[in-house]
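Summary of structural features
For reference, the chains in residue letters:
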Amino acid sequence: MATTPNTKDMANAIRALSMDAVQQANSGHPGAPMGMADMAVALWGEHLRHNPTNPHWANRDRFILSNGHGSMLIYALLHLTGYKLPITELKNFRQLHSKTAGHPEFGITPGVETTTGPLGQGITNAVGFALAEKLLAQEFNRKVGDVDHTIVDHHTYVFMGDGCLMEGISHEAAALAGAWKLGKLIALYDDNGISIDGQVAPWFIDNTAQRFVAYGWNVVGPVDGHDAAAVSAAIAQAKAGTDSRPTLIISKTHIGKGSPNRANTSKAHGEPLGAEEIKLTRESIGWSHAPFVIPKEVYGDWDAKDKGKAAEAAWNDKFAAYKAAFPELAKEFVRRMKGDLPKKFVQTAVDTVIAAHQKGETVASRKASQLALESFTAALPEMLGGSADLTGSNLTNTKSTPNLRFDALTGDVVTNEAGQGGRHINYGVREFGMAAIMNGVALHGGYIPYGGTFLTFSDYSRNAIRMAALMKLRVVHVFTHDSIGLGEDGPTHQSIEHAASLRLIPNLDVWRPADTAETAVAWTVALQNKAKPTALLLSRQNIAYIAKGDSAVAPDASGLDAISKGAYVLAEPADAGLKKKAQAVIIATGSEVQLAIAAQKVLAERKIAVRVVSMPSTTTFDLQSAEYKSSVLPAGVPRVAVEMGSTSGWWKYGTAAVVGLDTYGESAPAPVLFKHFGFTPENVADTVQAALTRKA
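So, here is what we can say about the structure in this document. Model, not experiment: these values are computed from the prediction.

This paragraph deals with the overall build of the chain. Within the chain one finds 25 helices and 22 strands. On C-alpha atoms alone, the chain measures out to a radius of gyration of 28 Å, which is about the 26 Å that the 2.2 N^0.38 rule sets for 696 residues. On the principal axes, the C-alpha backbone points of the chain span a range of 90 × 65 × 45 Å. Going through the 696 residues of the chain one by one, you find that 61% of them count as buried. Expressed as a percentage of contacts within the chain between residues at least 6 apart in sequence, the contacts between residues at least 24 apart total 77%. Looking at the chain as shown, the accessible area adds up to about 26200 Å², and 52% of this sits on carbon and sulfur atoms. Across the chain, 66 positive and 67 negative side-chain charges occur, with their mean positions spaced 5 Å apart.

Let's shift gears to the packing of helix H21 (residues 592–605) against helix H25 (residues 681–695). Their axes nearest at 8 Å, the elements H21 and H25 cross at an angle of 65°. Of the two elements, H21 crosses H25, and the hand of that crossing is right-handed. Residues Leu595, Ala598, Ala599, Val602 and Leu603 of H21 lie in contact with H25, whose contacting residues are Pro681, Val684, Ala685 and Val688. Its residues placed into classes, the contact of H21 with H25 shows nine nonpolar, no polar and no charged.

Okay, the pairing of strand E4 (residues 156–160) next. Side-chain positions along a regular strand alternate between the two faces of the sheet. With five of five residues buried, E4 lies mostly within the body of the structure. What you see with E4 is no split at all: Thr156, Val158 and Met160 on one side and Tyr157 and Phe159 on the other are buried throughout. With four bridges joining them, strand E1 (residues 62–65) and E4 adopt parallel strand pairing. If you follow arginine 62 over to E4, its bridge partner there is threonine 156. Bridge count between E4 and strand E5 (residues 185–191): five bridges; the pairing is parallel. Opposite methionine 160, over in E5, you have tyrosine 189 as the bridge partner.

Applying the stated criterion across every chain yields a total of 18 aromatic pairs. A centroid spacing of 5.4 Å and a plane angle of 50° characterise the contact between tyrosine 322 and phenylalanine 326, whose relative ring orientation is tilted. Ring pairs connect the aromatic residues Phe140, Trp315, Phe319, Tyr322, Phe326 and Phe333, which therefore count as one cluster. Seen from the ring of tyrosine 447, arginine 336 lies directly overhead, with NZ or CZ sitting 5.0 Å from the centre. Over the ring of tyrosine 545 we find lysine 548, and its NZ or CZ is 4.1 Å from the ring centre.

So, on to the side chain of threonine 391. With respect to the helices and strands, the residue threonine 391 is situated in helix H16 (residues 391–394). Owing to a relative accessible area of 17%, threonine 391 belongs among the buried residues under this scheme. Excluding residues within four positions of it along the chain, threonine 391 makes contact with Thr396, Asn397, His424 and Asn426.

The next thing to look at is the layout of surface pockets. The computed volume of the largest pocket comes to approximately 800 Å³. In terms of lining, the largest pocket is formed by 34 residues, of which the most central are His56, Phe106, Ala442, Leu443 and Leu473. Within the residue set of the lining of the largest pocket, elements represented by two or more residues are helix H13 (327–338), helix H17 (431–444) and helix H18 (458–471). Its residues assigned to classes, the lining of the largest pocket comprises 14 nonpolar, nine polar and eleven charged.

Before going further, it helps to examine unusual backbone geometry. That bond from glycine 221 to proline 222 is cis: its omega, 15°, falls within 30 degrees of zero. Secondary-structure assignment places proline 222 in strand E8 (residues 218–224). Positioned with a positive phi, serine 244 is a non-glycine residue whose angle comes to about 65°. Tracing the backbone through its elements, the reader meets serine 244 in the loop between helix H9 (228–239) and strand E9 (247–252).

In this section: the pattern of salt bridges. Throughout the structure, instances matching the rule amount to 25 salt bridges. Aspartate 20 is the salt-bridge partner of arginine 282, the closest N and O atoms lying 2.8 Å from each other. With arginine 282 in helix H10 (residues 275–285) and aspartate 20 in helix H1 (residues 5–25), the pair connects residues that are 262 residues apart, well separated along the chain. Per residue, the accessibility class of arginine 282 equals that of aspartate 20, and both read buried.

The rules behind the values
By convention here, each chain's residues receive numbers from 1 onward along its written sequence. Totals for whole chains, interfaces and linings use all residues, but because this is a predicted model, local features are given only for residues with pLDDT of at least 70 and pairs of side-chain atoms are given and counted only at 80 or more. For the side-chain quantities, the full set of heavy atoms in the structure was used; hydrogens and water were omitted. Counting from the N terminus, the helices are the DSSP runs of H or I reaching at least four residues and the strands are the DSSP runs of E reaching at least two. Radius of gyration: C-alpha atoms only; globule rule: 2.2 Å multiplied by the number of residues to the exponent 0.38. Whether a residue is buried, partly exposed or exposed follows from its accessible area with a 1.4 Å probe, protein chains only, as a fraction of its type maximum: under 20%, in between, or over 50%, in that order. Throughout, a residue-residue contact means that at least one pair of heavy atoms, one from each residue, lies within 4.5 Å. Only the protein chains shown count as cover for residues, and all accessible areas are computed by the Shrake-Rupley method using a 1.4 Å probe. Charged residues are defined narrowly, with Lys and Arg counted positive, Asp and Glu counted negative, and His plus the chain ends left uncounted. For charged residues, the charge sits on one atom: NZ in Lys, CZ in Arg, CG in Asp, CD in Glu. Lines fitted to C-alpha atoms define the axes, with helix axes restricted to the stretch in contact, and inter-axis angles between N-to-C directions lie between 0 and 180 degrees. By the definition used in this description, the sense in which the near helix is turned from the far one sets the handedness, with an anticlockwise turn below a right angle giving left-handed and a clockwise turn giving right-handed. The classification used treats Ala, Val, Leu, Ile, Met, Phe, Trp, Tyr, Cys and Pro as nonpolar, Asp, Glu, Lys and Arg as charged, and all other residues, Gly among them, as polar. Strands qualify as paired when DSSP identifies two bridges or more between them. Here a pair means two rings of Phe, Tyr or Trp (six-membered ring of Trp) with centres within 6.5 Å. Their orientation is stacked below 30 degrees between planes, edge-to-face above 60, and tilted elsewhere. Consider the ring centre and the ring normal. A charge sits over the ring if Lys NZ or Arg CZ is within 6 Å of that centre and within 35 degrees of that normal. Here a cavity denotes grid points, spaced 1 Å and computed from the protein atoms alone, that fit a 1.4 Å probe unable to get out, and a pocket denotes an open set having protein on both sides within 12 Å along at least 5 of 7 lines; residues with an atom within 4 Å of a point are the lining. Grid points are joined across faces, edges and corners, and a volume is the space filled by probe spheres set on the points. In the sections that follow, a salt bridge refers to a side-chain nitrogen of Lys or Arg positioned within 4 Å of a carboxyl oxygen of Asp or Glu.

Here it is, written out as structure tokens:
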């Protein structure tokens, strides 16, 4: 690629659309897209393999705008290259229900691969994209003699700025990308030296090049980010690399490029240029066209539809040959990329739940999770697990998921005698990075990622969990050591507010199962949740299995089938020896369900009849019909909730009292802590009796 008048006009089209859209919205960030415009010409005009007429083509290159505040860059690119993003949407930038939200949103705008804005997460998502590409290539690509059946072969490109590099998550992600030798990951760093507070030099003095070399990356540049030919050459150099290292291209740019008075200042970052400055900018860059007007010849230079159709058609021919040679593999690839579960999944789930019920094992729910995973990972090759340096505690590994390893010299996935690579990732102590990488893996397609850490460390992961919920991604978080039941490690590790906090995240399904059957059901629902992430909160201490009987009073709300509805009738007064109508309901989750059963027996001795409801998932139960809810929690019957954590979320169920914990824990053996904080059958029984006395 040579820098020509055409490439300058292509870049200026981005600048004009960006400053016009931000001005019309009276809100936004014009500086970044104006500064990165020439970089975009180099990548999108020369290297990016994509098809605007089919944004979901499986073997497309992925582009991620990690510095998502510069959203008008990607909106301009999508519009100019031929995606279904008409000029009316650009004129409607940042307005209600437009496809051009303030930051790029996955699932809203065609061609947007991930929602970006929280800085650092875009580059971390990209690591997940690149990892998924590498693993799928190892799993599905084949070579027979001289015939190369390569169907997975694409790059992941990222634009990012200073903010992404300052966020700690970028350190976690970049280190893993180097360790995993993700040679098809190419990041272009928009090095303009400006952030909201001004020149970054006083607070951001990292030697970025040396930092990435230390991670095991290939570093190119600095190059002139306004020389499209130079940037294109750098990208070509990165693509030609043979050592499987990811590449960072450092591009020196000027924020707000073209603006006579705003370029190289923080004022270009996050506010409109103003009518007068836009007029001066148009004169400065030689752009005489009215707002939102792009000449036909510039549209022609940008149009990628024919090139994209040809690229996809060539791949379709290749896939047809692959399908003829490997029909079952081709069928499996299509299923996996669509995100469909195999037909045998339902039977696998039924068998797993019934086996758990019949065995009735007394184990910690973290162990119950591993037991369920043994079944599911054997049946679902798309399950890709991991742990943030707590594998032996989270129990996320199974016989079907050996550790993922890469050859130190070639970077290839190390495989066993059957040609299978590992499916369990050692993320190291990188909870946030793990969570955001899993988002990228899910977005790419082909895998269902899950990863583990302690529940108290969900705080590290929280924003990535929120992003998964926002993007409606099937990602499973395995959070163990879910309460003061972990004992001697003390309050730093004992989760108090975390269950309640996670339940506040919209579209996040939260499960705290009470035994092996509930845990198997929780995993079943999580794997079926194609459009939402799941958090499984699991105990360190053993939990006795509780028989699942039928309720004569609420037959549809009891037994194994009812578990999947989030709450069900576990025990009626008759189960404790009282043949009378329930006078109260005890609601419990997780390890506290056995405490509720014990309290029911104490109350039965006092001639007080109690129903016990196990509520492993408040988020699932809240979605049930009013009729089902009332069958589980009948009107007019006092309710007492029991959970070793914050009481705040339980009052919405009309509880008369909550046996919970609104202070931090202590360091001591678990049985000592249970007694100290009142988690005993007698205290729960006394609380129920007191509630009944108040009602009377």
